[in-house]
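What follows is the residue order along each chain.
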Amino acid sequence: MPLERHSPANILTLHPDPLVRAGIVASLRQHGGFEVFDEGRDRLDRDGSRIDVVIADYREAMRLAGAASQDRAGPLADARILVLTSDACEADIRRALEAGIHGYLLLGGPLSEFIEAVTALALDLRYLGRSVAQRMADSLIRTSLTSREIDVLQLVVTGESNKAIARRLCIEVGTVKTHMNGILGKLNATSRTQAAAIAVTKGIVKERTPIPAAAFASRAPRVGPMTQLA
């Protein structure tokens, strides 16, 4: 995929791992189509350069995506975001894409795929690594889980009982059972243990990751005064 630009694309790496960051810089500087900045925000502010592509880990990429609508004048205002991570969780990939992230690539892939990803984003395209694209394609074959079913399933994976799940999600135990029935059907599982194993294997949820209650706060049902009195 040739880089058809009149000037080199400005690439900023914000990955927190210094070894990964050094590898990114070394790899991209071998190509004439990229001008690479290693956490060079101050330099960008001085010379007026605008960043075309930001390469970051999942956490930083999500932060940048959330702040994108706020920053319309800075050097990252028009930057496209490429996630470079070991996180292959389907739910996290979906969240990233829904947040407006433009590319998602897993660590450990071929260098050619990385260069292709950066080139695609520099040309205002989107890019999913091959393994990421395959995972998302597989998810389209089966009936998608709802966001609430994913919440329930993540808590099942961490070993929570139906009562504990109901408390965490501020819903009734019967509602948890309804969600579990839906999960079993969609994953073609015969038990919650099997459903949890399938979900972890396919990257739908993370394996035994503790989840703070605040993570579910935005989806918790609002309780008004009359409901509290009932």
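Before reading on, note that the structure itself is shown above.
The structure contained in this document is the topic of the report that follows. As the structure is a computational prediction, the values presented were derived from the model and not from experiment.

## Some words on the overall build of the protein
- Within the protein one finds 11 helices and six strands.
- Sequence separation of 24 or more characterises 69% of the internal contacts of the protein that already satisfy a separation of 6 or more.

## Details of helix 4 (residues 90–98)
- Taken residue by residue, helix 4 has Glu-90, Ala-91, Asp-92, Ile-93 and Ala-96 as its buried positions.
- Gly-100 occupies a position one or two residues after helix 4 and carries a positive phi of about 100°.

## Digging into the packing of helix 7 (residues 147–157) against helix 9 (residues 173–187)
- Packing of helix 7 against helix 9 leaves a shortest axis separation of 10 Å and a crossing angle of 90°. When the axis of helix 7 is compared with that of helix 9, the two are roughly perpendicular. Contacts from Arg-148, Glu-149, Val-152, Leu-153 and Val-156 in helix 7 reach Val-176, His-179, Met-180, Gly-182, Ile-183, Lys-186 and Leu-187 in helix 9.
- Its residues placed into classes, the contact of helix 7 with helix 9 shows seven nonpolar, two polar and three charged.

## Thoughts on the packing of aromatic side chains
- What the rule picks out here adds up to one aromatic pair.
- Between the aromatic rings of Tyr-58 and Tyr-104, the centroid separation amounts to 6.3 Å while the plane-to-plane angle is 65°, which identifies the pairing as edge-to-face. Placement of the pair is Tyr-58 in helix 3 (residues 58–67) and Tyr-104 in strand 5 (residues 103–106), with a sequence separation of 46 residues.
- A residue is classified by how much of its surface remains accessible, and Tyr-58, at 16% relative accessible area, is buried.

## Thoughts on the environment of Ala-164
- Of note, Ala-164 is situated in helix 8 (residues 162–169).
- Among the residues examined, Ala-164 registers a relative accessible area of 10% and is labelled buried.
- Between the alpha carbons of Ala-164 and Val-176 there is a distance of 9.9 Å; along the sequence they are 12 residues apart.

## Concerning helix 1 (residues 18–28)
- Turning to helix 1, its buried residues are Val-20, Arg-21, Ile-24, Val-25, Ser-27 and Leu-28. Buried residues of helix 1, viewed axially, fall in a sector of 170°; they line one side. Exposed residues lying more than 90 degrees from the buried face of helix 1 are Pro-18 and Leu-19.
- Considering only its buried residues, helix 1 is in contact with strand 1 (9–13), strand 2 (34–38), strand 3 (53–56), strand 4 (80–85) and helix 5 (111–122).
- If you check the start of helix 1, you find a side-chain oxygen 2.9 Å away from the backbone N of Leu-19, and it comes from Asp-17.

## Considerations on the sheet that holds strand 5
- The strand order across the open sheet built from six strands is 2-1-3-4-5-6, with neighbouring strands paired in parallel fashion. On the outer flanks of this sheet lie strand 2 and strand 6 (127–128), each paired with one strand and no other.
- With three bridges connecting them, strand 1 and strand 3 associate as parallel partners. Residue Thr-13 lies in a different strand from strand 3, and its bridge partner there is Ile-55.

## Some remarks on the pairing of strand 2
- Of the strand pairs in this sheet, strand 1 and strand 2 are connected by five bridges, and their pairing is parallel. Looking across to strand 2, one finds that Thr-13 is bridged to Asp-38.
- For the crossover from strand 1 across helix 1 to strand 2, the handedness is right-handed.

## Concerning the nonpolar core
- If you look at the biggest cluster of nonpolar residues, it comprises 25 residues, and the most contacted ones within it are Val-152, Leu-153, Ile-183, Leu-187 and Ile-204.
- At the level of secondary structure, the elements contributing two or more residues to this core comprise helix 7, helix 8, helix 9 and helix 10 (192–201).
- The dominant element in this core, judged by the number of residues it contributes, is helix 7, at six residues.
- When neighbours within four sequence positions are excluded, Val-152 is seen to be in contact with Ile-165, Leu-169, Val-176, His-179, Met-180 and Ile-183.

## Concerning the pattern of salt bridges
- Enumeration according to the criterion identifies 10 salt bridges in this entry.
- Salt-bridge contacts for Arg-95 lead to Asp-92; the nearest nitrogen and oxygen are separated by 2.7 Å. You can see Arg-95 and its partner Asp-92 sitting in helix 4, three residues apart, about one turn around the helix.
- The closest approach of N and O atoms between Glu-160 and Arg-168, which form a salt bridge, is 3.3 Å.
- A cluster of three or more residues bridged by salt bridges with shared partners is formed by Glu-113, Glu-116 and Arg-130.

Criteria and thresholds
Residues numbered from 1 in each chain as written. Predicted model: local features only at pLDDT ≥ 70, side-chain atom pairs only at ≥ 80, totals over all residues. Heavy atoms only, no water. Helix = DSSP H or I, 4+ residues; strand = E, 2+ residues; numbered from the N terminus. Contact = heavy atoms within 4.5 Å. Buried < 20%, exposed > 50% of the residue type's maximum accessible area, 1.4 Å probe, protein only. Axes fitted to C-alpha atoms, helices over the stretch in contact; angles between N-to-C directions. Parallel < 35°, antiparallel > 145°, perpendicular 65-115°, else oblique. Nonpolar A, V, L, I, M, F, W, Y, C, P; charged D, E, K, R; others polar. Phe/Tyr/Trp six-rings, centres within 6.5 Å; stacked < 30°, edge-to-face > 60°. Arc of directions from axis to C-beta. Polar contact = N/O pair within 3.5 Å; in protein donor to acceptor, adjacent residues only side chain to side chain. Pairing = 2+ DSSP bridges. Right-handed = clockwise from strand over helix to strand, strands pointing away. Core = buried A, V, L, I, M, F, W, Y, C linked by side-chain atoms within 4.5 Å. Salt bridge = Lys/Arg side-chain N within 4 Å of Asp/Glu carboxyl O.

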